[in-house]
Every structure is written in structure tokens, then in C-alpha cells.
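Notes for the structure review
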Amino acid sequence: MTRYIADYASYQGALTVADLNRAEFQVVNFKTSHTLTTKSVHPRIAAEVASAKALKMGIGTFHWLTGDAPGADQARYAFGRLSTLGLTAGTMHTVDVEEQTGTDDAESAPTFAHVRDYVTTMKSLLGRPIMLYTGDWWWTAPGRSWNGAGLTPFLMAAPNVGYLDAYPGATSPHWKAGYGGWTNLSAMQYAVDTLIYPG
């Protein structure tokens, strides 16, 4: 069964979880933390989490990992945020690994140690596996090509060809990953686009 997921961070502005529900998304993936901060977390997150629960939508959370604090410290901070928001149980959690050194935000890219320590610590705190979000362009850059599947078998990414015009279906070859030890994607980010309501 296909379930449609929409990310929710400050970039979504006035968009609400009720809007996502009306657009027939089944899962909302909330940004809850960023390094050791709440950078780009939606200011209405607590109310929107409550809305998602009231609408009986699936809930995911994600943390933006950088190289600016130890991975284990970031995991403990992120877990504290999840606890505060009541999101430690019955939810999926993803660590977003795509920060680049030298961009205009002055944050540094995580090393393998950052990724490993975040995943290991968060899995221990939650008592279950987590998912990793990245891109083939990031994970296969020179000096990387790490064995991510050894940390978690669950990968979310865009197709290797980039974003698509529409969801390609469950049997599409676009589910193939082929890097980091991952054979296939567990969740596909097939588009970043404007929300269009049914009808």
C-alpha cells in the first residue's frame, strides 16, 4: 500500500497539517531539530502535531545533522525535542544527512563518525531502528561512499535521476539506490513542488 508523506518545517509557512490532510497525504514528517537548535522548525509545530494526531495521520520526525556538534550529542538533543513534543512512540524518525561545508550558512558537513554516533545513539534512545535521508550526490562524493546500510537498512532519498514529475509506482526502477550498501529506497522523495488540492 502506498502512503504519501509530506515534510513540515518553517518553509511551509501558512500551510497547515489540515491542508495536507485535505490534499490526501497520510503521513506528516515534522522537522523537530537541527544540530543543537530548532533552526527551521515550524513555529506552530506543537499545534500541528496535535492536529496530525487528531486527524489520525501517521507522524514522522526528522533531525538535520551537521558536523558542528558530536553526533551522540545531537541525538540526545533531538530525543529531548521528541520527548517534549510527545513524539517518541508510534512515530518514525529520520536523520537528514546532506549538509555541505562551505555553503552560506557556515555549517559543516557531518563525518561518518557524526552519522554513526547519531544513528547508534538515537536507536538506543528510541529502542527501534531509524531511517536515514540523503542523496546519491552527497553519499558518493569523494571521501565518502560509506556503508550506510550497516547503520540502518532504511533509506529515504530522491531517485538517482533526480525529482520526477509524478509518483512512478511501486514497481518502478526509480526505487533502486545502489550506493551506501542500500539496494533500494525504503521511502522515495519523488518531488519538491507546490501543493495542489484534489479537485
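Cut-offs applied
- Residues numbered from 1 in each chain as written.
- Predicted model: local features only at pLDDT ≥ 70, side-chain atom pairs only at ≥ 80, totals over all residues.
- Heavy atoms only, no water.
- Buried < 20%, exposed > 50% of the residue type's maximum accessible area, 1.4 Å probe, protein only.
- Helix = DSSP H or I, 4+ residues; strand = E, 2+ residues; numbered from the N terminus.
- Pairing = 2+ DSSP bridges.
- Right-handed = clockwise from strand over helix to strand, strands pointing away.
- Contact = heavy atoms within 4.5 Å.
- Axes fitted to C-alpha atoms, helices over the stretch in contact; angles between N-to-C directions.
- Salt bridge = Lys/Arg side-chain N within 4 Å of Asp/Glu carboxyl O.
- Expected span 1.5 Å × (residues − 1).
- Phe/Tyr/Trp six-rings, centres within 6.5 Å; stacked < 30°, edge-to-face > 60°.
- Core = buried A, V, L, I, M, F, W, Y, C linked by side-chain atoms within 4.5 Å.
- Left-handed = near helix turned anticlockwise from the far one by under 90°.
- Nonpolar A, V, L, I, M, F, W, Y, C, P; charged D, E, K, R; others polar.

Moving on, we come to the pairing of strand β3 (residues 58-64). Side-chain direction in a regular strand flips from residue to residue, so the side chains alternate between the two faces of the sheet. Most of β3 sits inside the fold, with 7 of its 7 residues counted as buried. Sheet topology places strand β2 (residues 27-34) next to β3; 7 bridges connect them, and they run parallel. Each residue of the ladder has a partner; that of F30, found in β3, is T61. Both β3 and strand β4 (residues 92-96) contribute to a ladder of 5 bridges, which runs parallel. Residue pairing across strands places H63 opposite V95, the latter belonging to β4. After leaving β3, the chain enters helix α3 (residues 71-85) and then returns to the sheet as β4, a path that is right-handed.

Let us now look at the sheet that holds β2. Taking strand neighbours across the sheet as the criterion, the 7 strands line up as β1-β2-β3-β4-β5-β6-β9 in an open arrangement whose pairing is parallel. Either end of the sheet is taken by a strand with one partner, and the two such strands are β1 (5-8) and β9 (187-188). In this fold helix α2 (residues 45-54) packs onto β1, β2 and β3, with an angle of close to 155 degrees to the strand it touches most, β2. Strand contacts of α3: β2, β3 and β4, with the helix running at about 130 degrees to β2, the strand carrying the most contacts.

What follows covers the pattern of salt bridges. Scanning the model with the defined rule gives 5 salt bridges in all. Residue R116 pairs with D117 through a salt bridge whose shortest N-O separation is 2.9 Å. Residue classification places R116 among the partly exposed positions, given a relative accessible area of 34%.

Helix length check: α3, at 15 residues, gives a terminal C-alpha distance of 21 Å against a target of 21 Å (1.5 Å per residue), a fit within 8%. Taken together, the buried positions of α3 are G71, A72, Q74, A75, A78, R81, L82 and L85. Those residues of α3 that are buried lie in contact with β2, α2, β3, β4 and α4 (112-126). Directly beyond the C-terminal end of α3, a positive phi value near 70 degrees is found at G86.

Moving on to the packing of aromatic side chains. Each pair of aromatic rings is reported with the distance of its centres and the angle of its planes. In total, this model carries 10 aromatic pairs according to the counting rule given. Relative to W146, the ring of W138 has its centre 5.8 Å away and its plane inclined at 70 degrees; by these criteria the two rings are edge-to-face. Both residues of the pair, W138 and W146, count as buried. Taken together, the aromatic side chains of F112, W138, W139, W146, Y179 and W182 make up a single cluster linked through ring pairs.

The next subject is unusual backbone geometry. Phi at S40 is positive, roughly 65 degrees, even though this residue is not glycine. For S40, the position within the fold is in the loop between β2 and α2. The exposure class of S40 is buried, given its relative accessible area of 14%. In this structure, S145 takes a positive phi of about 55 degrees despite not being glycine. In this fold, S145 is placed in the loop between α5 (136-139) and β6 (155-157).

With that settled, consider the environment of G143. Within the secondary structure, G143 sits in the loop between α5 and β6. Along the chain, G143 and T111 lie 32 residues apart, while their C-alpha atoms are 9.7 Å from each other.

As a further point, take the nonpolar core. With 44 residues, the main nonpolar core has F30, V115 and W139 as its most contacted residues. At 5 residues, α4 tops the list of elements feeding residues into this core. Ignoring anything within four residues of it in the chain, the contact list for V115 reads L65, V97, P110, L132, W139, W146 and L151.

Once that is clear, we can look at the packing of α3 against α4. Across the interface, α3 lies against α4 with an axial gap of 7 Å and an inter-helix angle of 35 degrees. Seen from above, α3 lies across α4 with right-handed handedness. Of the residues in α4, those touching α3 at G71, A72, Q74, A75, R76, A78, F79 and L82 are H114, D117, Y118, T121, M122, L125 and L126. Taken together, the residues that form the contact of α3 with α4 break down as 9 nonpolar, 4 polar and 2 charged.

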